[in-house]
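# Coordinate analysis (summary)
Take a look at the letters that make up each chain.
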Amino acid sequence: MRNGLLLVVSGPAGSGKGTVLSELLGKSSDFCYSVSATTRAPRPGEQDGVNYFFLTRAEFEKRIAERRMLEYTEYVGNYYGTPRDYVDAALADGKNVILEIEVDGAAQVKRLFPSAVLVFLCPPDLETLERRLRGRNTETEEVIARRLQKAKEEIMHATEYDYIVVNEEGGAARAAEELLAVAQAERLRAGRCAEERIRSFLGA
């Protein structure tokens, strides 16, 4: 079985990454979601091992020292990162693995996995992003201001990604379809499948 596709999705807080990726997972069984680890506190309704692996700062730094994180970054005072074991196993099993990570982490992954496909998910404009952040009713004015500033910085890195998908208001299903199209196009790229197709044609 050929290895799966590593799909890296980044975007500002409030861009709707969780909603879009839930739509994607509901549309295709070929994808699995790599649960990230973080040192931030759980939000209401979030479950350990489902939304994130919630770790203490000491636990997270121990995993860094043991090289058990595929990538990690510190964002708004908390660590975020990707446990490596699950990703390696899922790719070897032929699954398409989705990593929902920050810009810094995406760059780290691309260096380790040049074949990874990077997608930047963004809202249509800054006003929409601010409205979404305020609609959460979970963050202070100070945190919202920091997230908006961070979003302005992150959008400047969008050109470093392979694809850009805009999540319009109420458009999560369409954005998920566009992510599916990205994965399907990458599966057909000659650099990924030419050797396999040639062997199949020649009966080798």
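Within the largest apolar cluster, 20 residues are counted, with the highest numbers of intra-cluster contacts made by Leu 6, Val 8, Val 97, Leu 99 and Val 109. Elements that contribute at least two residues to this core include exactly β1 (6–10), α3 (84–92), β7 (96–100), α4 (103–112) and β8 (117–122). With sequence-adjacent residues up to four places away left out, Val 97 is seen in contact with Leu 5, Leu 6, Leu 7, Cys 32, Ser 34, Val 87, Ala 90 and Leu 91. Formed by 19 residues, the second largest nonpolar core is a distinct cluster that contains Val 119, Val 165, Ala 175 and Leu 180.

Tracing the backbone shows Glu 71 in strand β5 (residues 69–75). Salt bridges are absent for the buried Glu 71, whose nearest opposite-charge side chain, Arg 111, sits at 9.2 Å. Side-chain polar atoms of Glu 71 contact the side chain of Thr 82, separated by 2.5 Å. When neighbours within four sequence positions are excluded, Glu 71 is seen to be in contact with Tyr 80, Gly 81, Thr 82, Ile 101, Gly 105, Gln 108 and Val 109.

We now examine the environment of Ser 115. Here Ser 115 is to be found in the loop between α4 and β8. Along the primary structure Ser 115 and Arg 136 are separated by 21 residues, whereas in three dimensions their C-alpha atoms are 35 Å apart.

Attention now goes to the pairing of β7. In terms of residue burial, β7 counts as a mostly covered element, since five of its five residues are buried. Residues Asn 96, Ile 98 and Glu 100 line one face of β7 and the alternating positions Val 97 and Leu 99 line the opposite face, and both faces are buried. In this structure, β1 lies alongside β7, joined through four bridges in parallel fashion. The partner of Leu 7 across the bridge, within β7, is Ile 98. In terms of strand pairing, strand β2 (residues 31–33) meets β7 through three bridges, oriented parallel. In the strand pairing of β7, Cys 32 is matched with Val 97.

Running from N to C, helix α5 (residues 126–136) and helix α6 (residues 141–155) point in directions that differ by 150°, and their axes come no closer than 11 Å. The chirality of how α5 crosses α6 is right-handed. Between α5 and α6, the contacting residues are Leu 126, Leu 129, Glu 130, Leu 133, Arg 134 and Arg 136 on the first element and Glu 141, Ile 144, Arg 147, Leu 148, Ala 151 and Lys 152 on the second.

Attention now moves to the sheet that holds β7. The five strands are arranged β2-β7-β1-β8-β9 in an open sheet whose pairing can be described as parallel. The strands lining the two open edges of the sheet, one partner per strand, are β2 and β9 (163–166). The mean angle between the axes of side-by-side strands here comes to 25°, regardless of whether they run parallel or antiparallel. Packed on one face of the sheet, α3 meets β1, β2 and β7 and runs near 150° to β7. Across the sheet, helix α7 (residues 172–188) touches β1, β2, β7, β8 and β9, and the angle it forms with β9 is around 160°.

What follows is about the pairing of strand β6 (residues 78–83). Counting buried positions along β6 gives five out of six residues, so the element sits mostly inside the fold. Relative to β6, strand β3 (residues 37–38) is paired through two bridges, and the arrangement is antiparallel. By the bridge assignment for β6, Thr 38 is matched with Tyr 80. The hairpin formed by β5 and β6 contains two residues between the paired strands, and Val 76 there has a positive phi angle of roughly 50°.

Reading guide: rules and limits
- Residues numbered from 1 in each chain as written.
- Predicted model: local features only at pLDDT ≥ 70, side-chain atom pairs only at ≥ 80, totals over all residues.
- Heavy atoms only, no water.
- Core = buried A, V, L, I, M, F, W, Y, C linked by side-chain atoms within 4.5 Å.
- Buried < 20%, exposed > 50% of the residue type's maximum accessible area, 1.4 Å probe, protein only.
- Helix = DSSP H or I, 4+ residues; strand = E, 2+ residues; numbered from the N terminus.
- Contact = heavy atoms within 4.5 Å.
- Lys, Arg positive; Asp, Glu negative; His and termini not counted.
- Salt bridge = Lys/Arg side-chain N within 4 Å of Asp/Glu carboxyl O.
- Polar contact = N/O pair within 3.5 Å; in protein donor to acceptor, adjacent residues only side chain to side chain.
- Pairing = 2+ DSSP bridges.
- Axes fitted to C-alpha atoms, helices over the stretch in contact; angles between N-to-C directions.
- Left-handed = near helix turned anticlockwise from the far one by under 90°.

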